[in-house]
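Structural description and commentary
The lines below spell out each chain.
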Amino acid sequence: MQDPTPNGLAALEARLRQDLEWLELPGKPWVPRREAEGAPVTDVVIVGGGMCGLAAHAALRLMGIDNTRVLDRAPKGQEGPWVTYARMETLRSPKALAGPALGLPALTFRAWFTAQFGAEAWERLGKIPRGQWMEYLGWYRRVMAVPVENGVAATLLRPRADGLLAVETDAAGTILARRVVLASGRDGLGGRYVPEMAEGIDRRFWAHSRDAIDFAALRGKRVAVVGAGASAMDNAATALEAGCARLDLLVRRAKLPAINKFTGIGSQGVVHGFAALPDEWKWRFLHHALSEQTPPPRDSTLRVSRHPHAHLHLSCPVLGLEEADGALRVSTPEGVLEVDFIIFGTGFRVSLADRPELALVADQIRFWSDRFTPPDGLAQPELESSPDLAPDFAFQEKVPGACPALALIHCFNYPSTLSHGKLTGDIPAVSAGAQRLARAITRHFFVEDREAHFARLQDYATPELLGDEWPAAQMAGALA
Ligand SMILES: Cc1cc2nc3c(=O)[nH]c(=O)nc-3n(C[C@H](O)[C@H](O)[C@H](O)COP(=O)(O)OP(=O)(O)OC[C@H]3O[C@@H](n4cnc5c(N)ncnc54)[C@H](O)[C@@H]3O)c2cc1C
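Residues numbered from 1 in each chain as written. Predicted model: local features only at pLDDT ≥ 70, side-chain atom pairs only at ≥ 80, totals over all residues. Heavy atoms only, no water.

Per an unreviewed UniProt entry, the chain goes by the name NAD(P)/FAD-dependent oxidoreductase and belongs to Teichococcus wenyumeiae.

Given below as structure tokens:
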């Protein structure tokens, strides 16, 4: 039942318009339009219309950069994980996070929710149902007028001799761009990570948690899930709720991680200070957080453990896989487990070979492993495969001068974390990330276009004084 107090979305949208007007936002467009070979040049092409792409677009537009395009290969309303491969009931994040609101109170999830359901419903709300988060992102896209072109994949970024990037797409031709923002998601520089031993096994026996999985087909089946993170737990819960006969959760660690370290120390200090840390300290922070691992959310864990036929196996890595008699034999330190299906909740990895859009520049991208030696005892493969990004999120060259176009490609997705802190992979600090990106791009465009701006300065000829401000009797000549 609806609370009597909500004013509805129309009123909220009116307030948002008012707030923007009072703040004189969006800033007036100021970037000179360009053409190349008679074709228009887009200032920024954003690859990905998920949360980060939406926030990046909105932040650029507030800065007065409006000649932008946003491409997403997913159909409208299915960008990102929320209603596709995410299988949790609610977000992990606290409901009150301002998320992508860019400092605008009327743009928060809370404002959106309260406008429709009222303040009492807000108090009653526990965590945000994931489908509702997607609805909110859809509203955000509409009210911030983000022109996402759905069903369009960026297939290749081609550096050009004239300093532009040609963004080849599968459904919108080739777009000439001054800069490209990769807001391509958790797996934006790679793809799923699956242990090699799975590669030879028939796909009817296994999936990764990011895959579309036919859970109804798992009814009555024996299912194993590998991993101890949120996705492993949520996939296990979904299999149980679909009626699997037995669920075995195989966890390499001796106990489930219980403390969410990096989130626990979250503050504006971390958000704005992390990027300024010396490299060794960046490494130490993230090495510690990754070693301790992020626990699965308590709700997700209880969603699994309440089923008596769900079994948790700790210190139980998968040692081998073998197809036999229409089933899968999973070797573990506890013995051989026979299952009908196994789901790998084993996360993602950086693997540029899996990203065809980066094929022409991949070899030149500098990673942390190219220039940083971890302190003794702190080696960490995931950190080593992080791109070594510039302060504006742009890639940098392995060999100086070998691929200047990398400075035009901004990596605004999860792998930026070691360089920038957690500004792209999660909800809490995405606004700070989008604003850092937008300000940096603003600086670039102004500096690059300095001649045009200087010419405007010289040409500007609208007088403020009209010549009639001083009566003739008060002019110096009158004294003489
Ligand atoms: C299952 C799951 C649950 C999560 N839950 C939470 C949570 O509760 N709280 C929290 O703070 N964070 C959570 N996160 C982390 C993070 O908030 C999400 O991953 C979020 O979706 C990141 O937004 P994004 O825009 O970077 O990526 P996405 O939302 O994944 O969007 C990327 C988009 O890029 C598009 N794309 C990729 N490549 C191309 C291409 N070449 N051309 C065109 N389009 C392309 C994709 O189609 C996709 O729509 C979760 C992540 C996952 C995977």
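Let us now look at the pattern of salt bridges. Here the structure, examined in full by the defined rule, presents 32 salt bridges. Here Glu13 ties to Arg142 by a salt bridge, and the two come within 2.8 Å at their closest N and O atoms. Here Glu13, found in helix α1 (residues 8-22), pairs with Arg142, found in helix α5 (residues 130-143); they are 129 residues apart in sequence, far enough to count as distant. The class for Glu13 is buried, based on a relative accessible area of 13%. Arg222 serves as the salt-bridge partner of Asp340, at 2.9 Å between the closest nitrogen and oxygen. On the criterion of sequence distance, the pair formed by Asp340 in the loop between β15 (335-339) and β16 (341-344) and Arg222 in strand β10 (residues 222-226) is long-range, its members being 118 residues apart. Residue Arg222 is classed as partly exposed on the basis of its relative accessible area of 27%. (Salt bridge = Lys/Arg side-chain N within 4 Å of Asp/Glu carboxyl O. Helix = DSSP H or I, 4+ residues; strand = E, 2+ residues; numbered from the N terminus. Buried < 20%, exposed > 50% of the residue type's maximum accessible area, 1.4 Å probe, protein only.)

Sheet architecture is open: 3 strands sit in the order β13-β14-β15, paired in antiparallel fashion. Bordering the open sheet on either side are β13 (320-324) and β15, each of which pairs with just one other strand. Between one strand axis and the next, the sheet turns through 25° on average, direction left out of account. Both β13 and strand β14 (residues 327-332) contribute to a ladder of 5 bridges, which runs antiparallel. (Pairing = 2+ DSSP bridges. Axes fitted to C-alpha atoms, helices over the stretch in contact; angles between N-to-C directions.)

Looking now at the packing of aromatic side chains. Summed over all chains, the structure comprises 21 aromatic pairs. Measuring from centroid to centroid gives 6.3 Å for Trp281 and Phe285, while their planes differ by 55°, and the two rings are tilted. One end of the pair is Trp281 and the other is Phe285, both in helix α9 (residues 279-292) and 4 residues apart, which spans about a single turn. For Trp281, a relative accessible area of 47% corresponds to the partly exposed category. Each ring, one from Trp368 and one from Phe372, has its centre 5.4 Å from the other, and the planes form 70°; the classification is edge-to-face. Under the relative-accessibility criterion, Phe372 is labelled buried at 13%. Clustering of aromatic rings is evident, with ring pairs tying together Trp82, Phe109, Trp112, Phe113, Phe117, Trp122, Trp133, Tyr136, Trp139 and Tyr140. If you follow Lys95 out to its NZ or CZ, it ends over the ring of Trp122, 4.7 Å from the centre. Lying over the aromatic face of Trp206, Arg203 brings its terminal NZ or CZ to 3.8 Å of the ring centre. (Phe/Tyr/Trp six-rings, centres within 6.5 Å; stacked < 30°, edge-to-face > 60°. Lys NZ or Arg CZ within 6 Å of the ring centre and 35° of its normal.)

Here 5 strands make up an open sheet; going across it, the order is β9-β16-β10-β11-β12 and the pairing parallel. Looking at the sheet topology across the chains shown, the edges are occupied by β9 (206-208) and β12 (310-313). For this sheet the average axis-to-axis angle between neighbouring strands, irrespective of direction, equals 20°. Inspection of the sheet shows β10 paired to strand β11 (residues 246-250) by 5 bridges, in the parallel sense. From the neighbouring strand, Ala224 faces β11, where its bridge partner is Asp248. Helix-sheet contacts for helix α6 (residues 230-241) involve β10, β11, β12 and β16, and the interaxial angle to β11 is about 170°. (Contact = heavy atoms within 4.5 Å.)

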